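# Secondary and tertiary structure notes
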Amino acid sequence: MSHSVHSHPQLDVQVERKFIPKQKDLGADVTWAKINKDVLKSLEKPRPVFWVIFFSALALFSFGVYCEVYQYQNGMGVADLNNPQVWGLYIATFIFWIGMGHSGTLLSALLHIIHADWRKPIYRYSEAMTTFTLLTAALFVLVHMGRLWQFYYVVAYPNERWTWPNFTSPLVWDATAIGTYLTSSLLFLYMGMIPDLAICRDNARGARRALYRFLSMGWQGTDRQWANFKVAYMTMACFLMPLAVSVHSIVSTDFAVSQNPGWHVTSFPPYFVLGALYSGCSGIITLFIVLRYVFRFEAYMTQPILNKLIKMTFAIAMVWTYLDLIEYATTWYGSDEVAKADLIYRATGDYALQFWGMIFCAMVMPFTLLIRFVRHNYVVLLIISLILNVGMWLERFQIITPTFAKSHYPWTWTAGWWPSWVQWGIVAGSFGWFTMLFMLYCKIFPSVSMYEVKEMVHEQNMEEKALAAQTDVHEAGLVPEMKGGQA
Amino acid sequence: MSLSNLIQNWNSFRTRRPYEGQYDDAPYKWAMVIDLDSCIGCNACTVACYAENNLPVVGKERFGKGQAMHWIRIERYWGEGDTMTSEFPDHGAQYLPMLCQQCEAAPCEPVCPVGATHHSPDGLNTQVYNRCVGSRYCSANCPYKVRYFNWWNYPDRAWPNPLELQLNPDVTVRSKGVMEKCTFCMQRLRAGMDKAKTEGRILADGEVLTACAQACPTSAITFGNLADKKSKVARMWKNQQVDLAKDSQEKSEEGIRGYRILEELNTYPSIVYLERVRNLEA
């Protein structure tokens, strides 16, 4: 504990200020050499539970593939979709996965731009999460298409007859936005990995060495390379920020530009973006806890970092809750009778359970994050983060289904429509597909950024040095020695 | 549509439809009047449509699941003002034949990602099966829910041998995964218009009818060319004081029965319904 004495210039009163050192994001025992060792170890032998997760995911995915092949062969009818219920779980889950993909970019790009250093140990896997959730979402676009073998009609590609996609359609905006976002976030993920791939290259043997050598593109860590790298990385980050905001805004226009009650809402774009960040943040918490255990990242995924992540999630959850309630309020006090009837139907009709489930899981449950015990107990936190995402999935479900069930035209009002096992199978398969890809990624590529954690250690040391210089000479002995050494 | 064409004609893609006098110079604008007072709910129009347009009969189970393919359907209502002394209302049911309203500002058109549904110069909302990828956005955005999706591959089993011999050769048999809907019997119109063109005239009123209008035993459905001011349908629209380009119609006196369904959504449908007159005291 150190204190210094300041005198107020005008009042000439002696004010004693105490410095309570904040808990550091990384422990004092994290050195540069240890970082390399730990992260490289994650590429070799994870805990056995890794294989349990991987093969369960593979099994789920295989079942999803079976369902999709069945649907492809027989037609969309096997999904029990019908005249008003044309979209079902496919579009609901599509929005869910697109949403999941937003926080990775927020964490890596926005926090990078504002120099929030705590992101460094956890941004890499969040970015990987973004990439793989986008790949999963893209699957749903294809899965829900009646003639998926003609999917390329949606893309503006040069062809003999100069036929274009219909640029007024939000689905074309979707295809463009998601395509751009997927490409850029993949590029951003890869670019950020290059210095780490070089470390892997220097430590690997055989086929892996060949892979890393190819991917690290001759990275030597020279001054010039670092300078260029920093500029390029920052440029990408600045490019990605507006892109991330635009993508879910565009997805929300799928609904907002239509006439259906419950969709025709002006506040949809910010509401969707916040919902996306919300589910993405809870997804990051889930994966934080899983990776921490499976790959033994205890030294990097620490409690202070988790606390900051939880704070961010809570804040986003509150903004989302606000926007959701605003949507209900504008409908309630608005003059659109059909939309109001639809809102009442959501809360009291066939899908009331899903509606109130969403309210409970996504609006009430975040308040448990205020409890210290929840933040520090990883099992409870894992379950809560999953519940938050269940809530967000239900939110997407209840945007789609009740609106179709009670739209403008009374003849098509359906009671108690429920998706078939094929839809559920494909939804489950998508979770398998994501988990499988993600786990595979973490096994093959460094899921904690080595060079950025080293930067973090270095900055922490510099901070301590500066602090030590300020404090009393007699107390300077408390400051730990400069760590590191080996790069 | 080439790139230069797209750039040159950008404004024509941004034209707001409909506008006053849109069809003044056009030879054709197909429209309909359906008199609910005459409709007895016999379903003859539906049957005629199935036969004319090669619609598959989906069977009881799939019908129950909401996967029916009836381009024109008879809706049965009993609503306010009905007394129910038995299982059915004392004054009987009300019937409403519902088919694609061929909206002038169709909600289905702008949302199709591939432009498979678009507006024809004679005011029809057309569907290009070969272009459709089956995103079903059009159906999601259609307020009348009159678009029907091929959930199954009907050519496989809907017409077992020798039933395929009764299919109408002028109409495509649709495969799984495409959207379809009422075309106002496009094949008949096309043949008629081509014939008239070779003869250097335009189609006379009543020369071509849709299958449903032709089959209706009470003549509840009137079909015709709205651009031809002397046609029966144009005169009925005028008498009912319904203007194609207006989204709310002012009537000079009570008792004029013409209305368009969900007009407040600014879809500008091409079908006018004549309200049923009910004598609840009788």
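On a predicted model such as this, the values are computed, not experimentally measured, just so you know.

### A few points about the sheet that holds strand S10 (residues 271-274) of chain B
All names here are of chain B. Taken together, the 4 strands give an open sheet; going across it, the order is S8-S1-S10-S9, and neighbouring strands pair in mixed fashion. The open sheet has two free edges, formed respectively by strand S8 (221-225) and strand S9 (258-259), since each of these has just one partner strand. Of the pairings in the sheet, the one linking strand S1 (residues 30-35) to S8 comprises 5 bridges and is antiparallel in character. Counted as the bridge partner of Met 32 is Phe 223 from S8.

### With respect to the environment of A:Leu353
Residue and element names in this part refer to chain A. For Leu 353, the location among the structural elements is in helix H12 (residues 352-364). Looking at Leu 353, the relative accessible area reads 72%, which means it is exposed. Residues Leu 353 and Asp 324, 29 residues apart in the sequence, show an inter-C-alpha distance of 17 Å.

### Some thoughts on the state of the cysteines
For the structure on display, the rule yields 0 disulfides over all chains. Looking at A:Cys442, it has no disulfide partner, and the nearest cysteine sulfur is the one in A:Cys200, 13 Å off. The closest cysteine sulfur to the non-disulfide-bonded B:Cys212 is located on B:Cys185, 6.2 Å from its own sulfur.

### Some words on the nonpolar core
With 213 residues, the main nonpolar core has A:Trp87, A:Phe255, A:Leu309, A:Phe438 and B:Phe184 as its most contacted residues. Here this core gets 15 residues from one element, more than from any other, and that element is helix H9 (residues 268-294) of chain A. Sequence-distant contacts of A:Phe438, that is, excluding residues within four places in its chain, are made with A:Tyr125, A:Ala128, A:Met129, A:Phe132, A:Leu287 and A:Leu291.

### As for unusual backbone geometry
Negative phi characterises most residues that are not glycine, and trans characterises most peptide bonds. Residue and element names in this part refer to chain B. In this structure, the amide linkage connecting Asn 161 to the following residue, Pro 162, adopts the cis form with an omega of 5 degrees. Relative to the helices and strands, Pro 162 resides in the loop between strand S6 (148-149) and strand S7 (179-180). Its identity as a non-glycine residue notwithstanding, Lys 145 has a phi of 55 degrees, on the positive side. Checked against the element boundaries, Lys 145 lands in the loop between helix H6 (137-141) and S6.

### A few points about the packing of helix H5 (residues 123-143) of chain A against H9(A)
Packed helices, taken two at a time, are described by the angle their axes make and the gap between the axes. Residues and elements named next belong to chain A. Two elements in contact, H5 and H9, have axes whose closest approach is 10 Å; the angle formed by their N-to-C orientations is 120 degrees. Classified by the interaxial angle, the pair formed by H5 and H9 is oblique. In this structure, H5 crosses over H9, and the sense of that crossing is right-handed. In this structure, H5 uses Tyr 125, Ser 126 and Met 129 to contact H9, whose residues at the interface are Gly 280, Gly 283, Ile 284, Leu 287, Phe 288 and Leu 291.

### What about the interface of chain B and chain A?
Residue-level contacts link 48 residues of chain B with 47 residues of chain A. Between chain B and chain A the total buried area reaches about 4,000 Å² when both faces are included, carbon and sulfur atoms providing 56% of it. At the junction of chain B with chain A, the criterion picks out 1 salt bridge. For the salt bridge of A:Asp80 with B:Lys65, the shortest nitrogen-to-oxygen distance reads 3.0 Å. Here the side of chain B that touches chain A takes 4 residues from H6(B), the largest share from any one element. Its residues assigned to classes, the side of chain B that touches chain A comprises 26 nonpolar, 13 polar and 9 charged.

### Overview of the confidence of the model for chain A
Predicted confidence across chain A gives a mean pLDDT of 86, with 92% of residues reaching 70 or more. Counting contacts from residues 483-487 of chain A, a segment whose pLDDT is below 50, to residues more than four positions away or on other chains yields 13 contacts.

### Examining the environment of A:Val457
Its location among the elements puts A:Val457 in helix H16 (residues 450-470). Overall, A:Val457 belongs to the buried group, its relative accessible area being 3%.

About the cut-offs
Sequence order as written defines residue numbering, which begins from 1 separately in each chain. A letter from A marks each chain and a number from 1 marks each ligand, given out in the order of writing. It should be noted that, the model being predicted, local features are given only for residues of pLDDT at least 70 and side-chain atom pairs only at 80 or more, the latter also being counted only at that level, while totals for whole chains, interfaces and linings use all residues. Calculation of side-chain values draws on the structure's entire complement of heavy atoms; hydrogens and water are dropped beforehand. DSSP-based pairing: two strands are paired if at least 2 bridges between them are found. Strands are runs of DSSP state E lasting at least 2 residues, helices are runs of H or I lasting at least 4, and numbering of each runs from the N terminus. Throughout this description, buried means an accessible area under 20% of the type-specific maximum (1.4 Å probe, protein chains only), exposed means over 50%, and partly exposed covers the range between. We call a pair of cysteine sulfur atoms a disulfide whenever their separation is within 2.5 Å. We call a set of buried Ala, Val, Leu, Ile, Met, Phe, Trp, Tyr and Cys residues a nonpolar core when their side-chain atoms join them within 4.5 Å. Contacts were defined at the residue level, with two residues in contact if any of their heavy atoms lie within 4.5 Å. Where helices are involved, their axes are fitted lines through C-alpha atoms of the stretch in contact, as for all axes, and angles between N-to-C directions lie from 0 to 180°. Any angle from 65 to 115 degrees is called roughly perpendicular, while one under 35 is roughly parallel, one over 145 is roughly antiparallel, and all others are oblique. Throughout, a crossing is termed right-handed when the near helix is turned clockwise from the far one, and left-handed when it is turned anticlockwise from it by less than a right angle. Two parts lose some accessible area (1.4 Å probe) when they are put together, and adding that loss for both gives the buried area. We count a salt bridge whenever a side-chain nitrogen from Lys or Arg sits within 4 Å of a carboxyl oxygen from Asp or Glu. Any residue that is not Ala, Val, Leu, Ile, Met, Phe, Trp, Tyr, Cys, Pro, Asp, Glu, Lys or Arg is counted as polar, Gly included; the first ten are nonpolar and the last four charged. What pLDDT expresses is the predictor's confidence in each residue, scored from 0 to 100.

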